[in-house]
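Tertiary structure, described
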Amino acid sequence: MSACDAPMRVPIYGVTAPQPWCWAVQVRNAPVLNLHRVPPTDVLGAYVAVCAAAEYVPEIKDWMASWHGPGVSAPPADELPTCAVVAVARVAAVSLWPDGERQSRWYVGPAGLWLEDVVALPEPVDCEPGPADTLWEVPAQVLARVRLAFGAVVGEDKARWDAYEALAARSGGREPASLKDRVLRKCSCRRAMTKCSTCRVWRCTAPGCPPHTCATGVSP
């Protein structure tokens, strides 16, 4: 299920990440969040509200940009929010160290939450970060604001996809006549494609197609 189809009343857990790791998740560079405690069994398929911790860790920024890290240049501390939820993501898989099935330089364990359908919120939602080593319950007032912002972004995405699919259906597989139609890219599954906001590569979000991974910042 894609983020565009996700029901709004699925469980949303809180998870804390220090900056700039939180930023890396928000912009879809970091595919995983690391926890020290094993998450509950029902977290698979649920959603997490990614909350920036109170601190910015310069050592993480240095590691991210290093040759033995993922090679990502992170923004400085004064450009990134803290103590705020910045994104919502679906938990697609859970790893326990050592685990060789899903390797990534971002995965240090001992428990890893592998994320998909990351939705960056339009504005950070102020929140007192919960414990950094495990999942936590988001306060009701914060959760309501997060759901509202998440729903607005998902609704806009769905409206955009509906418009793309309607245009593709009207084209009927023939060469589009207008310039607007000609720049509409289609996947082999006939679904309209769009450019990733991070790496600008054309992508398809149809459930049957391979998931998109940004070409910038993610190192296997």
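Summarised in this report is the structure supplied together with it. (Residues numbered from 1 in each chain as written. Predicted model: local features only at pLDDT ≥ 70, side-chain atom pairs only at ≥ 80, totals over all residues. Heavy atoms only, no water.)

What about the overall build of the chain?
Within the chain, the secondary structure is distributed over four helices and seven strands. Each helix (α) and strand (β) of the chain, taken in turn from the N terminus, gives the series β-α-β-β-α-β-β-α-α-β-β. Taken across its 220 residues, the chain has 48% of its residues classed as buried. Across the chain, the fraction of contacts at a sequence separation of at least 24, relative to all contacts at a separation of at least 6, is 70%. Accessible area for the chain stands at about 11,500 Å²; split by element, carbon and sulfur atoms hold 55% of it. (Helix = DSSP H or I, 4+ residues; strand = E, 2+ residues; numbered from the N terminus. Buried < 20%, exposed > 50% of the residue type's maximum accessible area, 1.4 Å probe, protein only. Contact = heavy atoms within 4.5 Å. Areas by Shrake-Rupley, 256 points an atom, 1.4 Å probe, with all protein chains shown as cover.)

Regarding the pairing of strand E2 (residues 32–35)
Burial of E2 is two-sided: the residues Val32 and Asn34 facing one way and the residues Leu33 and Leu35 facing the other way are all buried. When E2 meets strand E5 (residues 111–126), the two strands line up antiparallel, connected through four bridges. The residue of E5 that forms the bridge with Leu33 is Leu113. (Pairing = 2+ DSSP bridges.)

Some words on the nonpolar core
Counting residues in each nonpolar core, the largest one holds 36 residues, and the members touching the most others are Leu33, Val48 and Leu115. Those elements giving two or more residues to this core turn out to be strand E1 (12–19), helix H1 (21–26), E2, strand E3 (47–56), helix H2 (58–65), strand E4 (84–96) and E5. If near-sequence neighbours (up to four positions away) are discounted, Val48 is found in contact with Ile12, Tyr13, Val15, Ala87, Val88, Ala89, Val91, Leu113, Leu115 and Leu135. Core analysis: the second largest hydrophobic core is formed by 20 residues, Val10, Val88, Cys127 and Val154 among them. (Core = buried A, V, L, I, M, F, W, Y, C linked by side-chain atoms within 4.5 Å.)

Observations regarding a nonpolar patch on the surface
A grouping of Val38, Leu44, Val94 and Leu96 is seen on the molecular surface, where their side chains present a nonpolar patch of about 350 Å² in accessible area. Structurally, the position occupied by Leu96 is in strand E4. (Patch = residues over 30% accessible without salt bridge, like charges linked within 9 Å, V, L, I, M, F, W, Y side chains within 5 Å. Salt bridge = Lys/Arg side-chain N within 4 Å of Asp/Glu carboxyl O.)

Some remarks on the pattern of salt bridges
This model, assessed by the stated rule, comprises three salt bridges. A salt bridge links Asp133 to Arg37; its shortest N-O distance comes to 3.0 Å. Here Asp133, found in the loop between E5 and helix H3 (140–171), pairs with Arg37, found in the loop between E2 and E3; they are 96 residues apart in sequence, far enough to count as distant. Between Asp117 and Arg90 there is a salt bridge, with the nearest N and O atoms lying 2.9 Å from each other. Of this pair, Asp117 sits in strand E5 while Arg90 sits in strand E4, and the two are 27 residues apart along the sequence.

Structural notes on unusual backbone geometry
Omega for the bond connecting Gln19 with Pro20 falls within 30 degrees of zero, at 10°, which places this linkage in the cis form. Considering the arrangement of structural elements, one finds Pro20 in the loop between E1 and H1. Cis peptide bonds are those with omega within 30 degrees of zero, and the linkage from Gly109 to Pro110 qualifies with 0°. Considering the arrangement of structural elements, one finds Pro110 in the loop between E4 and E5. Positive phi outside glycine occurs at Arg28, with the angle close to 70°. As for its position among the elements, Arg28 is in the loop between H1 and E2.

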